[in-house]
Amino acid sequence: MVKLGLRGERQAALSGAGRRLVPASQEEAQGAEVDGAAEAAPSFAGFARWRAQADASDYLHYFTCRRWALMAPVLLVGAVLMSILSGTIPGALSALCMGLGAALCLPASIHARLERRVVHDGWRRYPLMVIAIFLPMALFGFGAARWTNLHPELGWSITVNVFVIVVLMATALLANRLTSIIGATIGLWGGASLDEASLASFTLLAIGGIIGLLMAVRQAANAASQSLQNAEREREQRRAEQLLHEYEQTGQGWFWETDRQGRITYVTKSIAALLGGSPSDIEGKPFTGMFLLEAGGHEGERTLVFHLNTRSSFQDLGVRAATGEKDERWWSISGRPVLDQFNNFMGFRGSGTDLTEKRRSQAHVTQLARFDSLTKLANRFQMSEWLEKILTSPRIETRACAVFLLDLDRFKQVNDTMGHPAGDALLKQVAERLSGTVGDRGRVGRLGGDEFQVILHGAQNREGLAHLARRIIENLSQPYTIDEARVTIGASVGIALCPDDGMTADALIRNADLALYAAKGGGRGRHHFYDEDLHSDAKERQQLEQDLRDAIANGALELHYQPQVRTTSEKITGFEALLRWNHPVHGYISPAKFVPVAEETGLVAQIGEWALRTACADLAKWPEEVRVAVNVSPLQFANPALPAIVTSAIAAAGVTPGRLELEITESVFLGDDKTTETMFSALKNLGVRLALDDFGTGYSSLGYLKKAPFDKIKIDQSFVRGATIQGSRNGAIISSIVNLAEALGMETTAEGVETLDELDLVRMLGCSHVQGYIYERPLNAQGVLGKLAEGLIAAAKGPRSARPARQTMLRKVVLEHGTHSYEGTVRNISQRGAMIEGLWNVPVGTTFGVHLSEGYVVMATSRWCKEDRMGLEFAQPLDLDGNGAVLFAPVRTRRETPDVPPLRRTA
């Protein structure tokens, strides 16, 4: 029996190759071709019933077939054999009968078509069978018998054998049509009996006819029963095929089949289209070619190959489809081996469903559980999981790693001034830069807020980690564009290593966090490695916070005032209020140390309001022509109640609003929106003066000067320092600021003037006011009253010029001169030169290439030498960090930072 398979079964069911089920009420209306459906007779009393409409090759219902035409040459060949074997030729009547019998077989197609127009159980098909089958055989039998009787040399031995051959060929051509075979046999022998016309032959023929009739009746009964069974089976098969077809069409699933070599013999049309062809194009190709088995090495894919090789059933295996689509497509497939009746393996047959949406949903759930929804980086849970996996590795040498904790500087200002949507957009850009900087060296995650984490697996050297930390800080400090506004932030990095700084995840994270606090405490925009001293620093910081709260509660904070002097008259016009804290144990503590603590703990607003009220109260005791300047933090500026607080302070002190000057930094313009304009308008309506502090060190856009109603621009001390050094560009910057201020009708104050050279320069460049040690250090309230009692004239006192600040250290360097290299030790260094120890009797004017760090070489010339020490002058000034310390690495872009660190996000 031939195995059709899925495709053969479907085609047999959907085409006309098998019986079709049609309503009996429609049978009369249907005509058919030879291979088509038979025209049905009217049903009983119009009763609508399902009947089997048989095919032309259905031997259960039809007596004739088109192949019967082949019986004509068979009969002629039989006649030729009889003639050749006997050496005789038939007579005219014999030849006529035999030829007529052969001729009547030729229109078999016409007979079959006529029979198809008669319902399969109608009586009219019996006469047609007599004409088409019985009569030709009878004529041939009569002619052959007459020929045999007339020519004794022919003999019945030859004729009987020819008859046997003819009957066998008729049996083969009629294909199990038992009634037709009986008719053909009786016709052949009946025709032969007519020539002899003996009673015995007719008796035997009658007996044979009765037996044949009984067999035909039995065959008809069997045919009717089998027809009903076939009809029911066809109905079930057709229904199943329709359901499967609809199942495939709806896209809920699909089917496949392979042969024993694993080649595809059937696949659903829609799946073939996804694979880039039609079913015929896919057939014959390896079944495994439908999937990307090596794409990800998933367990399901390896299991599929295993089952195919072992010829075992499988269920719901997930595999990636080889559809070539941009987005991944996943299928769930099931299959079972197909065996024949002898248990021989014939191939696989199974089904599949689409898993794509389910996997996407699972991926989305995983994304939410393990990744940060805003930046798409790993979240705290996944980073902790990965770090724990490293630290619990079976091999000790594979547990080495480094942990970076990053915190963004000035990010809180962006949120406070521009809003949280802008802050979110900034975090996305930070995540992209951080991921790009770290690259494949480690994994990057966001812990929450503006805190990020980097984990580097494997043994790390501190020099390489320091270089990576500097690159991270540098890249994250480049300007960002948010809502068409330019935003600049910074970053601080704390670093802890395993096993040096801890063997557990908690210990590493805690120590990296301490290192981060140390980096921020050192001026921000820095990196810091963990060391044991940081534990004591953390305790000290915690104690400092508590002491600061006590100081605020007990009124232990002080305001000191530094004079602001007009350059043309050297007359004091006002004082800037500077915050000071005289700690009962540690004495005066630098604002750079306790102001960040106040910012992180949220105490800065309370301190700011106290400073404003205290300054106004002290101002009331000063001459009317003297003003006071008070710094306003971005957090205070963003408070809608600020105008009311200022009004209350002025009213309580009883001073003129024009004597109060509020110093505001550029960072308030990060969110250049209506809220900022409204605040400026409200403050200006109070009558107070407004000064732009630390100009040029932060937000680097001049657009806000068109709208902001400033009365004064304060030039940051970073531009004043070093302005008198030959080759410095600071003087040009100061001149530009002064010209800009004059064009806008504003005053200018140069901060941090400490030498007479600097005073002469800023006076020559046109600054209207000067503030710095050249005139006076900050005074307490009593000192101010004493100073004012002497008069408003200030006298400049100080050195003519300043020597560049030097850092004392012991640092190994390499010096190159020509083709020779020498090792030396830096004893102290400044921006313009250094003292090197280790080289003897170096001639003055000798040029060296000094390797300050890996990849960073500066040219220098010896200016003096004494024994093993010499002084070098650098060809180009070195870069400084935010605290004025020399940087031992090149920077592409350097931006000065304000003295007072900005706010940061608190937990």
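Quantities reported herein were computed from a predicted structural model and do not represent experimental measurements.

Scoring rules and cut-offs
- Residues numbered from 1 in each chain as written.
- Predicted model: local features only at pLDDT ≥ 70, side-chain atom pairs only at ≥ 80, totals over all residues.
- Heavy atoms only, no water.
- Helix = DSSP H or I, 4+ residues; strand = E, 2+ residues; numbered from the N terminus.
- Buried < 20%, exposed > 50% of the residue type's maximum accessible area, 1.4 Å probe, protein only.
- Contact = heavy atoms within 4.5 Å.
- Expected span 1.5 Å × (residues − 1).
- Pairing = 2+ DSSP bridges.
- Axes fitted to C-alpha atoms, helices over the stretch in contact; angles between N-to-C directions.
- pLDDT = per-residue confidence, 0-100.
- Core = buried A, V, L, I, M, F, W, Y, C linked by side-chain atoms within 4.5 Å.
- Phe/Tyr/Trp six-rings, centres within 6.5 Å; stacked < 30°, edge-to-face > 60°.
- Lys NZ or Arg CZ within 6 Å of the ring centre and 35° of its normal.

(A) Representation of the overall build of the chain in the model. Regarding its fold elements, the chain presents 27 helices and 29 strands. The buried share of the chain, taken over its 907 residues, is 47%. Sequence separation of 24 or more characterises 64% of the internal contacts of the chain that already satisfy a separation of 6 or more.

(B) Examining helix H3 (residues 92-105) more closely. Between its first and last C-alpha, H3 extends 20 Å over 14 residues, near the 20 Å set by a 1.5 Å rise per residue. Residues of H3 that are buried sit in contact with helix H2 (71-86), helix H4 (108-116) and helix H5 (125-150).

(C) Spotlight on helix H19 (residues 591-601). Those residues of H19 that sit buried are Phe 594, Val 595, Pro 596, Val 597, Ala 598, Glu 599 and Glu 600. Positioned one or two residues after H19, Gly 602 has a phi angle of 80°, which is positive.

(D) Geometry of the sheet that holds strand E28 (residues 856-866). Sheet architecture is closed into a barrel: six strands sit in the order E24-E25-E26-E29-E28-E27, paired in antiparallel fashion. Averaged over all neighbouring strand pairs, the angle between strand axes comes to 45°, with direction disregarded. Taken together, the six bridges between E28 and strand E29 (residues 869-874) define a ladder with antiparallel strand orientation. Each residue of the ladder has a partner; that of Cys 865, found in E29, is Met 870.

(E) Examining the confidence of the model for the chain more closely. Averaged over all residues, the pLDDT of the chain is 81; the fraction at 70 or higher stands at 86%. Low pLDDT (under 50) marks residues 893-907, which in the prediction has 46 contacts with non-local residues, meaning those over four places away or in another chain.

(F) Summary view of the nonpolar core. Counting residues in hydrophobic clusters, the biggest one holds 81 residues, and the most contacted among them are Leu 548 and Leu 660. It is helix H20 (residues 604-619) that provides the largest number of residues to this core, a total of seven residues. Once you skip the residues sitting within four places of it in the chain, Leu 660 turns out to touch Leu 612, Cys 616, Leu 619, Val 628, Val 630, Val 646, Ile 650, Val 688 and Arg 689. Ranked by size, the runner-up nonpolar core spans 37 residues in total, among them Phe 411, Leu 456, Ile 482 and Val 487.

(G) Highlighting the pairing of strand E25 (residues 820-829). Of the pairings in the sheet, the one linking strand E24 (residues 807-817) to E25 comprises nine bridges and is antiparallel in character. Across the sheet, Gln 807 pairs through a bridge with Ile 829, a residue of E25. Here E24 folds back onto E25 in antiparallel fashion, the turn holding two residues, of which Gly 818 has a positive phi close to 65°. Between E25 and strand E26 (residues 833-837), which follow one another and run antiparallel, lie three residues.

(H) Molecular detail of the packing of aromatic side chains. For the coordinates displayed, the defined rule picks out 15 aromatic pairs. Note on Phe 140 and Phe 163: the rings are 6.4 Å apart at their centroids and 50° apart in plane angle, and the pair reads as tilted. Residue Phe 140 is located in helix H5, and its partner Phe 163 is located in helix H6 (residues 155-174); the two are separated by 23 residues in the primary sequence. Phe 163 matches Phe 140 in its accessibility class, with the two residues each being buried. Between Trp 256 and Phe 287, the ring centres sit 4.2 Å apart and the planes meet at 20°, which makes this aromatic pair stacked. Highlighted residues: Trp 256 in strand E3 (residues 254-258) and Phe 287 in the loop between helix H10 (279-282) and helix H11 (299-310), separated in sequence by 31 residues. Phe 287 gets classed as buried once you look at its relative accessible area, which sits at 2%. What links up through ring pairs into an aromatic cluster is the set Trp 254, Trp 256, Phe 287, Phe 291, Phe 314, Trp 331, Phe 345 and Phe 348. When the ring centre of Trp 386 is taken as origin, the NZ or CZ atom of Arg 443, which lies over that ring, is 4.4 Å away. The ring of Phe 888 carries the charged tip of Arg 811 above its face, separated from the ring centre by 4.0 Å.

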